[in-house]
Amino acid sequence: MWPARCILKAERAAELIQQHALQTLRELRRRPQLAAISAERSSEMAQRNQVTHAFGVTPRNRRLCLPGYSLQPHCSRGWDNQVEAVAGDETTAEEAVEAWLATPGHRLNLLAEHPC
């Protein structure tokens, strides 16, 4: 289980993403299945003491499909990453969202600027 401070930061990050002036989605919803996958992934990163998209042998998007989560039909089931954003050095939700939006791939994911 995540510490309460982490949950509050995640909730704040979601709020900032939802309220962003360029957000193309009308609604963001918390998905319990994604939250469980995220918690498992966070624990794995904590055990390894590293924050990364790229360890293990399971392709990025495939990690979501294995436990049964359904991606949009046109999203890759392989190494592509149309769904994951991780943060490590940032101390606030605001810093994390700012860092994500400064990188093209995260920006596409968070503001739904891609077809997935």
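Parameters and conventions
Residues numbered from 1 in each chain as written. Predicted model: local features only at pLDDT ≥ 70, side-chain atom pairs only at ≥ 80, totals over all residues. Heavy atoms only, no water. Salt bridge = Lys/Arg side-chain N within 4 Å of Asp/Glu carboxyl O. Helix = DSSP H or I, 4+ residues; strand = E, 2+ residues; numbered from the N terminus. Buried < 20%, exposed > 50% of the residue type's maximum accessible area, 1.4 Å probe, protein only. pLDDT = per-residue confidence, 0-100. Core = buried A, V, L, I, M, F, W, Y, C linked by side-chain atoms within 4.5 Å. Contact = heavy atoms within 4.5 Å.

(A) Local environment of the pattern of salt bridges. Counted under the stated rule, the structure contains 2 salt bridges. Of the charged contacts, one joins Glu15 and Arg12 as a salt bridge, the two residues approaching to 2.3 Å between their closest N and O atoms. With Glu15 and Arg12 both in helix α1 (residues 4–19) and 3 residues apart, this pair spans about one turn of that helix. Here Arg12 and Glu94 are joined by a salt bridge, their closest N and O atoms 2.8 Å apart. Of this pair, Arg12 sits in helix α1 while Glu94 sits in helix α4 (residues 93–101), and the two are 82 residues apart along the sequence. Owing to a relative accessible area of 37%, Glu94 belongs among the partly exposed residues under this scheme. Taken together, the shared-partner salt bridges in this structure form one network comprising Arg12, Glu15 and Glu94.

(B) Local environment of the confidence of the model for the protein chain. Averaged over all residues, the pLDDT of the protein chain equals 76, while 72% of them reach at least 70. α4 holds the highest mean pLDDT among the elements of the protein chain, 91, whereas helix α3 (residues 60–65) holds the lowest, 69.

(C) Up close: the nonpolar core. Listed in full, the 10 residues of the largest apolar core are Ala13, Leu16, Ile17, Ala93, Ala96, Val97, Trp100, Leu101, Leu110 and Leu111. Of all the secondary structure elements, the ones that give two or more residues to this core are α1 and α4. Ranked by residues supplied to this core, first place goes to α4 with 5 residues. If sequence neighbours within four positions are ignored, Leu101 has contacts with His20, Arg107, Leu110 and Leu111.

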